[in-house]
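Examining the three-dimensional arrangement
Listed below, chain by chain, are the residues.
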Amino acid sequence: EDEEYLLKPMNCPHHFQIYAAKPRSYRDLPVRLAEFGTCYRYEQSGELNGLVRVRAFTVDDSHMFVRQDQLKEELIGVIDLIKIVFDTLGFSDFKTRLSFRDPKNKEKYGGEDSLWIQAEKDIKEAADEAKLNYYIGIGEAAFYGPKIDFIVRDALGRTWQLGTVQVDYVMPERFDLEYTGADGQKHRPVVIHRAPFGSLERFIGVLIEHFAAEFPLWLAPVHVAVLSITDQYFDYATQVFEELKKAGIRVELDDRNQKIGYKIRDWELKKVPYMLVVGEKEKAANTISVRQHKKGDLGAMGRDAFLAKILDTIQRKSLTL
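I will try to describe carefully the structure that is included in this document. Fair warning: this is a prediction, and the values are worked out from it, not measured in the lab.

Reading guide: rules and limits
- Residues numbered from 1 in each chain as written.
- Predicted model: local features only at pLDDT ≥ 70, side-chain atom pairs only at ≥ 80, totals over all residues.
- Heavy atoms only, no water.
- Helix = DSSP H or I, 4+ residues; strand = E, 2+ residues; numbered from the N terminus.
- Expected span 1.5 Å × (residues − 1).
- Buried < 20%, exposed > 50% of the residue type's maximum accessible area, 1.4 Å probe, protein only.
- Arc of directions from axis to C-beta.
- Contact = heavy atoms within 4.5 Å.
- Phe/Tyr/Trp six-rings, centres within 6.5 Å; stacked < 30°, edge-to-face > 60°.
- Axes fitted to C-alpha atoms, helices over the stretch in contact; angles between N-to-C directions.
- Left-handed = near helix turned anticlockwise from the far one by under 90°.
- Nonpolar A, V, L, I, M, F, W, Y, C, P; charged D, E, K, R; others polar.
- Pairing = 2+ DSSP bridges.

1. So, helix 3 (residues 113-129)
- For helix 3, spanning 17 residues, the distance from its first C-alpha to its last is 24 Å, which sits close to the expected 24 Å at 1.5 Å a residue.
- Among all positions in helix 3, only W116, A119, E120, D122, I123, A126 and A127 are buried. Taken around the axis of helix 3, the buried residues stretch over an arc of 155°, which confines them to a single face. Residues S114 and I117 are exposed on helix 3 and point more than 90 degrees away from its buried face.
- If you follow the buried residues of helix 3, they end up packed against helix 2 (71-88), strand 3 (94-100), strand 4 (134-138), strand 5 (147-153), strand 6 (159-168) and helix 4 (170-174).

Right under this line is the structure:
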């Protein structure tokens, strides 16, 4: 009752308030706060575009409050994290942009010149030390500081800015953030804004396009479909299904009263990585007939051998089956 609700456009001020909620010492830093925070922005209807441009989106947001002497090491750690995310998901076609302010249009940005000069120097040194292949984008900075943007090209040739790391000297001033230094005096922390994925909705949309929905095994919504040739072998298909499910495999059991050819075509269209076909021969030999998406029939395989194979592929996060 009598409560007022607001749409949150960003997560930063909330993390700043958490940091400012109690006194901080130089020994406490770095302080790292992270959340999957949902934000809301009134994008115009003509700008909305599937998952990649939405009005409500979730950011894997983190803010690190650091001393000046900790800044470069923390920046390099974030860069390494983003590179791990991109390498794991097979995003090899990406560019890195150092987004700096436009010195001819300073009114767009907050903070003193000296802070911007220092922040841009910090960003460039970290990028050089991390051996990033980057270019400098003048005028692409946030209003509070320069940033490193990771720009991915999807399967359709479009570019999307996903991961980002930003250095911020301005907002600690505006929010009066401080810590007590070794000299007993009050000092301003530097804030690093970090989002390896950026908007999760946009990231998922680009990821679907990147793989053309043919995900590697570990990322596929369904790893395996078990298909019985007829109802007569449904009990054996159920055994195989339960065995895989118990091992943590995302598996579906196709119990439809349809011809096996129809089932295979249907699961092939769903782009499920593996189909296991079982009938009289497989039940008698305690094996399974393995079909792989796009490659077709791989022949008979022992149940334990197949399980070991896909568990290893999933654990390694292999991009190939």
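There's more to say after this.
2. With respect to the packing of aromatic side chains
- Applying the stated criterion across every chain yields a total of 13 aromatic pairs.
- Plain terms: the ring middles of F86 and F91 are 5.7 Å apart, the flat faces sit at 65° to each other, and that makes the pair edge-to-face.
- When its relative accessible area of 1% is taken as the criterion, F86 is described as buried.
- On the basis of relative accessible area, F91 is assigned to the buried category, the value being 2%.

3. Brief notes about the packing of helix 6 (residues 234-246) against helix 9 (residues 303-315)
- For the pair helix 6 and helix 9, interaxial distance at closest approach is 11 Å and the crossing angle is 35°. Like other packed secondary-structure pairs, helix 6 and helix 9 cross with a definite hand, here right-handed. Mapping the contact onto sequence places Y236, Q239, V240, E243 and L244 in helix 6 and R303, F306, L307 and I310 in helix 9.
- When grouped by side-chain class, the residues that make up the contact of helix 6 with helix 9 number 6 nonpolar, 1 polar and 2 charged.

4. Comments concerning the sheet that holds strand 12 (residues 274-278)
- Reading across the sheet, the 5 strands line up as 11-10-12-13-14 and stay open at both edges, with mixed pairing between neighbours. On the outer flanks of this sheet lie strand 11 (251-254) and strand 14 (296-302), each paired with one strand and no other. Ignoring which end each strand starts from, the neighbouring axes of this sheet average 25° apart.
- One ladder, built from 4 bridges, connects strand 10 (residues 224-228) with strand 11; its direction is parallel. Following the sheet pairing, A225 is matched in strand 11 by E252.
- Its contacts with the sheet place helix 6 against strand 10, strand 11, strand 12 and strand 13 (287-292), and it is angled at close to 170° to strand 11.
- Against the sheet, helix 7 (residues 260-269) makes contact with strand 10, strand 11, strand 12 and strand 13, and its axis sits at roughly 170° relative to strand 10, the strand it touches most.

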